[in-house]
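The residues making up each chain are set out below.
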Amino acid sequence: MDFFEVLTTRRSIRSFLRDPVTQEERDILIKAGTLAPSAMNRQPWSFILVDQRDLLQAIAERHPHAQFAARAPLAIVVCATPAEAAGGFWPQDCAAATQNILLAARALSLGSVWCGLYPAEDRVQLMRDVLHIPEEHVPFSLIVLGRTEARFVEAHRHNPQKIHHNIW
């Protein structure tokens, strides 16, 4: 699959088969996350791979928009270590890592969806509680993923009214 097919057909998928995500696929997903750009190349991220059924169930029960995590084979939580970031740019760094994982998932024909955590303090705290994340790390995003029977259709989001040249 070429890069632009990955971009145009990446969708938020919320229905998953129970089939596991292989170790090779997991390695590719994490590698994609670590290849994201970061301010001054500080890479202030960590990744938690969650495949334990009771933890996925706890996430599904407590996150207001991630009930489908209970049926997914894998979730990845992207965490930041703000003390390691350059100039406070850790949200941008972790967003880039998250996007890379989403694109890699699509390239692997896996469905995925980004469930927001940061800056919603209640969601950050629920992840800290469920996954025992230390205070110096901030749970930034929750990516739920797995094989799916959902169709990947091309998105048409180009809007010329949102494009400006030189000045607004």
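Within every chain, residues take consecutive numbers counted from 1 along the sequence as written. Local features in this predicted model are restricted to residues of pLDDT 70 or higher, and side-chain atom pairs are both shown and tallied only at a pLDDT of 80 or more, whereas totals for entire chains, interfaces and linings draw on every residue. Hydrogens and water molecules were not included; the side-chain quantities draw on all heavy atoms of the structure.

Basically, it comes down to this: UniProt positions are given in the numbering used here, feature names are shortened, and annotations may be inferred rather than shown by experiment.
Naming follows an unreviewed UniProt entry, where the protein chain appears as Nitroreductase family protein of Candidatus Desulfovibrio intestinipullorum. The Sequence similarities (unreviewed entry) comment attached to the protein chain in UniProt states, word for word, "Belongs to the nitroreductase family."

1. Things to note about the UniProt feature "domain: Nitroreductase" (unreviewed entry) in the protein chain
Going by this rule: Secondary structure elements are taken from DSSP: a helix is a run of H or I of four residues or more, a strand is a run of E of two residues or more, and numbering for both begins at the N terminus.
Mapped onto the present numbering, the UniProt feature "domain: Nitroreductase" (unreviewed entry) falls on residues 8–147. Within residues 8–147, the helical portion is 38% and the strand portion 20%, while the C-alpha atoms at the span's ends are 19 Å from each other.

2. Examining a nonpolar patch on the surface
This is how the line gets drawn: Within the patch definition used here, like charges are joined within 9 Å and nonpolar side chains (Val, Leu, Ile, Met, Phe, Trp, Tyr) within 5 Å, considering only residues with over 30% relative accessible area and no salt bridge. The Shrake-Rupley method, run with a 1.4 Å probe sphere, supplies the accessible areas, and residue values consider only the shown protein chains as cover. What makes a salt bridge here is a side-chain nitrogen of Lys or Arg within 4 Å of a carboxyl oxygen of Asp or Glu, nothing more. For every residue, the accessible area (1.4 Å probe, protein chains only) is compared with the maximum for its type, and the residue is labelled buried under 20%, exposed over 50%, or partly exposed between those bounds.
The grouping of F3, F4 and L7 at the surface amounts to a nonpolar patch, some 320 Å² of accessible area in total. A relative accessible area of 34% places L7 in the partly exposed class.

3. Focus on helix α3 (residues 53–62)
Convention followed: As used here, the arc is the angular range of directions from the helix axis to the C-beta atoms.
Inspection of α3 places L56, I59 and A60 among the buried residues, and these make up the whole buried set. For α3, the arc enclosing every buried residue in end-on projection is 100°, short of the 170-degree limit, so these residues lie on one face.

4. Details of the packing of helix α2 (residues 23–34) against helix α4 (residues 90–107)
Cut-off, in case you're wondering: For helices, the axis comes from a line fit to the C-alpha atoms of the stretch in contact; other axes are also lines fit to C-alpha atoms, and the angle between any two N-to-C directions lies between 0 and 180 degrees. What makes a crossing left-handed is the near helix being turned counterclockwise from the far one by less than a right angle; a clockwise turn instead makes it right-handed. Whether two residues are in contact is decided by their heavy atoms: any pair within 4.5 Å suffices. Polarity classes work like this: nonpolar for Ala, Val, Leu, Ile, Met, Phe, Trp, Tyr, Cys and Pro, charged for Asp, Glu, Lys and Arg, and polar for all others, with Gly in that last group.
One way to put it is that α2 packs onto α4 with a least axis distance of 7 Å and a crossing angle of 145°. Where α2 crosses over α4, the handedness of that crossing is right-handed. Along its contact with α2, which presents L29, A32 and G33, the element α4 presents A97, N100, I101, A104 and A105. Residues belonging to the contact of α2 with α4 are distributed by class as follows: 6 nonpolar, 2 polar and no charged.

5. Points about the pairing of strand β2 (residues 74–80)
The condition is simple: Only strands that DSSP links by at least two bridges are regarded as paired with each other.
The element β2 is extensively covered by neighbouring structure, given that 7 of its 7 residues are classed as buried. Along β2, one buried face is formed by L74, I76, V78 and A80 and the opposite face, lined by A75, V77 and C79, is buried too. As judged from the 6 bridges shared by strand β1 (residues 45–50) and β2, these two strands associate in the antiparallel manner. Residue pairing in the sheet places S46 in a bridge with C79 of β2.

6. Some words on the packing of aromatic side chains
Quick reminder of the rule: Any pair of Phe, Tyr and Trp rings, taking the six-membered ring for Trp, is counted once the centres come within 6.5 Å. Such a pair is stacked with planes under 30 degrees apart, edge-to-face with planes over 60 apart, and tilted for the rest. By definition, being over a ring means that NZ of Lys or CZ of Arg is both within 6 Å of the ring centre and within 35 degrees of the ring normal.
For the structure on display, the rule yields 7 aromatic pairs. A centroid spacing of 6.3 Å and a plane angle of 55° characterise the contact between W114 and F140, whose relative ring orientation is tilted. Placement of W114 in strand β3 (residues 111–116) and of F140 in strand β4 (residues 138–146) is noted, with a sequence separation of 26 residues between them. Given the relative accessible area of 34%, W114 is considered partly exposed. Chaining the aromatic ring pairs together yields one cluster made of W90, W114, Y118 and F140. Above the ring of F152, the side-chain terminus of R106 is found at 3.8 Å from the ring centroid.

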